[in-house]
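Structural overview
One letter stands for each residue in the lines below.
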Amino acid sequence: MNRRQLLGLMGAIPLVPALLPEEGLPVVLSGTARAAVIAAPGAEALADELVAYVERATGVRLPRSAAPGLTPIHVGGPGPDPAVPRLLTGLDPDGFVIRIYQGTVTVAGPSAAGTANGVREFLERYVGVRWLLPGPDGDDVPALAALRIPVVQVYEQPAFTQRSLSPLRDARYPLQQQWAQRNRMQGVGTEPIAFHHNLHTLFPVERYGQTHPEYYPGGRPPAPGKLTGWQPAFSVPGTIDAAVTGILEYFAANPAARSFSLGVNDGEGFAETDPVPAYYAWVNEVVRRVLERHPGKDFGLLAYRTLETPPAFPLHPRVVPFLTQDRYAWVDPAVEADGHALTERWLAVCERLGFYDYLYGAPYLLPRMFSRRYAETLRYAKAKGVVAHYAELYPNWGEGPKPWITAKLLWNAGADVDRLNREWCERAVGTAAADTLSAYFALWERFWTERVPGSPWFLPEATYQTFNLPQYLDLVEEADLERSRSLLDSVVSATVTPAQRARATIMRRAFEFFEASALSYPRPVQAPADQAAALALLESGVEAFQRRLDLAARRQALITEFSRDPVLVLQMNPASHPNLTWTGWNPGEYWTLVDYLRMREPDGGPVTDRARALAAEHPYAALILRGVPAPSLVRNPSFEDGLAPWELLDRSTGTRAISRPPGEAVLRVTGQGWGGPSQVIDIEPGLARLTATYRAPAGTRASVQLALDLLEQNGTPITGSSVRSPVITLRPTGAWTPLRLDCEIPATARGKQVGMVRLIFLVDSAADVSVDFDDVDLRNIAK
């Protein structure tokens, strides 16, 4: 290019001050705007966002139209830079470029989402903005006297092409959705691959129930509106035709849709004994036929529970399985090794694989911190070629940096997790308080990564940990809570700015809930070995009684307060889970004392006398005395009278069956699958103890969970309401082993009055088993 040509080109662009490259392009200098933001069509809101944050940082509002002497910042379009269209070609849709070209800046991506990510990178990189928490208190915007853009080209795309955190992906919680978007997470409209539970949409009972009952398990269509607990019969050829018809109708109505979910319905209910080969062969054929009409579409699905095992044959290249696992369990090296092996078996049969994870947040009752461990998981996933990531987060923002670090690692799996943690703490509460806040989160990370694995609550082989069971609280020590309280009080005191104090206060308020939960939690107790131990247990229970009630009431009040707070709201409400709801009474302690009086002092004695003396002033002692004569509510508890009224739970899966074998007064559970014997019993809201014994022969690989499903007085099940024991791995010793569930029966559940329970032994096994149960006892006392 000769001098005349160069001068001609320069005349075609706005003039900007001559600058040395190392000084960068000016945006704000000496309290004056030195740049203008120019939006391409459709990018106006993003340009406004950029202008607003620059103004918050500098006090200067950038104009939105070009003018001589101002650095042009083009948002969403290439501006004069001829290289931008080429650079965007082939870039991930969520990627972006920030280009400096002849005195201009271009921020653009190949899609609207990519441009949005570029604007957020501009604000983070150059203005120093951080979106630490949802809402205005969560923004950290430094004060800047001047703002320049270094002459450095930025070209980025995500480590994982799909990145979503539920429920931040939709508009149920607008501030939290906005936080996710600003941290480059996708949402309902921007996720490229659909994969959720969806087969019910292809087989509505209103369409096929009468004409093709064979499409449903056992030829029995589900009730209208029932979307879970059943799958189409994959081995029936007509279901392929029906699925193809439904998908073609969907794409005709939604021509812009890039994918369709072939995710199974939630809740098992397969027609096939081994659904793995049948389902994945069915998927391949459905996809092959749809692609004849709609080439290029993708088909996500859930490799979930029974379907976590990969098929023995390759999946169609357009199929993207999302492998469901709670990879928190990878804190156990043996579980991690098994998880790696399963991942690699899947990668051998599919071209693209997604991870589906369970990173809760709520409804856990402590900060569930394991970011350092999870950084290793995401580095592994990226190295092996996993392309997508989805997690049920349901955040508790009392977990501080956890959601933010997760979002950062999903964009850049190689990021330094310790640096991210340090940055979040410094930006959240200031440098003086950062180390103290980091120490608080480190305390709980050690709890979850060192203390919980190997505990009875920890389930190494489960798809997800039992978030609705609180027995991990058994591991909390008073010193943990005292140390946490001290650290957070110090953090609040050490903050400097109002924004830092507001964020520290959010952490402190969230801890109030964690603390009240741990202190009011009804911990199990050991049966007293002698009279002295029984008296001590009685005295301590009476002494702690009112404090426990007050803490439990405070805990419930915080849940209610948080429900009105757009940040602290517990999106998976612990109060909706009976096992996570308590009033301060300790059923285990209560029934242990009742049993002591019943068995050791049937005619009275020192402990009975002390309980009587206390009963006049202490309702706890009075209730213990009332509980001694409480009868067992179980009918046919020792199976001397055959099997009735015991029956197989109607939602049992696989070949699970129950019987009373000839000549043996036991209840036998056989077959494979999930479920077992049940009996409906009238009950009063209050305290309950369920006990039984089991016998499992050598070689048994199974678990059992004691359950009391809550029913209305007329026997109608209350959806999603069940009081349960932890999942118990059966001991295959051939000896009789005790089982126990101590619990509270609530007066209401999900707005319904509780009047009955269904007592259930939930036996879970992948292979055929034969397990005996005997001596079932359920006692109940109204408070």
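Up top you'll find the structure we're talking about.
On a predicted model such as this, the values are computed, not experimentally measured, just so you know.

Glancing now at the sheet that holds strand 5 (residues 96–101). If you walk across this open sheet you meet the 5 strands as 3-4-6-5-10, and the pairing is mixed. Either end of the sheet is taken by a strand with one partner, and the two such strands are strand 3 (35–39) and strand 10 (154–156). Between one strand axis and the next, the sheet turns by 15° as a mean value, whatever way the strands run. Where strand 5 and strand 10 come together, 3 bridges link them in antiparallel fashion. Its bridge partner being in strand 10, F96 is matched across the sheet by E156. Its contacts with the sheet place helix 4 (residues 112–127) against strand 4 (71–75), strand 5, strand 6 (104–108) and strand 10, and it is angled at close to 60° to strand 5.

Moving on to the packing of aromatic side chains. As enumerated under the stated definition, the model contains 55 aromatic pairs in all. Look at W179 and W397: their rings are 4.9 Å apart centre to centre, the planes differ by 75°, and that puts the pair in the edge-to-face class. Of the two residues, W179 sits in helix 5 (residues 174–182) while W397 sits in the loop between strand 16 (388–392) and helix 11 (402–411), which places them 218 residues apart along the sequence. Classification of W179 as buried rests on a relative accessible area of 2%. For the ring pair Y521 and W582, a centre distance of 5.6 Å and an interplane angle of 65° mean the geometry is edge-to-face. Of this pair, Y521 sits in the loop between helix 15 (498–520) and helix 16 (531–563) while W582 sits in the loop between helix 16 and helix 17 (587–600); the two residues are 61 residues apart in sequence, bridging distant segments of the chain. By relative accessible area, which is 7% here, Y521 ends up buried. Owing to a relative accessible area of 8%, W582 belongs among the buried residues under this scheme. An aromatic cluster is defined as three or more aromatic residues linked by ring pairs; in this entry it consists of Y328, Y364, F370, Y374, W444, F447, W448, W457, F458 and Y472. If you follow R184 out to its NZ or CZ, it ends over the ring of W411, 4.8 Å from the centre. A cation over a ring is seen here: R555 above W582, with NZ or CZ 4.1 Å from the ring centre.

Moving on, we get to the pattern of salt bridges. All chains considered together, the criterion is met by 58 salt bridges. Close ionic contact of E512 with R554 constitutes a salt bridge, the shortest N to O distance being 2.9 Å. Here E512 is found in helix 15, whereas its partner R554 is found in helix 16, with 42 residues between them in sequence. Salt bridges sharing common partners tie together E121, E124, R125, E156, R184 and K408.

Turning our eyes to something else, we now look at the packing of helix 15 against helix 16. The description of two packed helices rests on the angle between their axes and on the distance between the axes. Where helix 15 contacts helix 16, the axes come no closer than 9 Å and their chain directions differ by 145°. Here the hand of the crossing between helix 15 and helix 16 comes out left-handed. Seen from helix 15, the contacting residues are R509, A510, E512, F513, A516, S517, L519 and S520; seen from helix 16, they are R547, R548, L551, A552, R554, R555, L558, I559, E561 and F562.

Running from N to C, helix 16 and helix 17 point in directions that differ by 145°, and their axes come no closer than 11 Å. Relative to helix 17, helix 16 is oriented so that their crossing is left-handed. Of the residues in helix 17, those touching helix 16 at Q531, A534, L537, L538, G541 and R548 are E589, T592, L593 and Y596. Residues that form the contact of helix 16 with helix 17 fall into these classes: 5 nonpolar, 3 polar and 2 charged.

Definitions and limits used
- Residues numbered from 1 in each chain as written.
- Predicted model: local features only at pLDDT ≥ 70, side-chain atom pairs only at ≥ 80, totals over all residues.
- Heavy atoms only, no water.
- Pairing = 2+ DSSP bridges.
- Helix = DSSP H or I, 4+ residues; strand = E, 2+ residues; numbered from the N terminus.
- Axes fitted to C-alpha atoms, helices over the stretch in contact; angles between N-to-C directions.
- Contact = heavy atoms within 4.5 Å.
- Phe/Tyr/Trp six-rings, centres within 6.5 Å; stacked < 30°, edge-to-face > 60°.
- Buried < 20%, exposed > 50% of the residue type's maximum accessible area, 1.4 Å probe, protein only.
- Lys NZ or Arg CZ within 6 Å of the ring centre and 35° of its normal.
- Salt bridge = Lys/Arg side-chain N within 4 Å of Asp/Glu carboxyl O.
- Left-handed = near helix turned anticlockwise from the far one by under 90°.
- Nonpolar A, V, L, I, M, F, W, Y, C, P; charged D, E, K, R; others polar.

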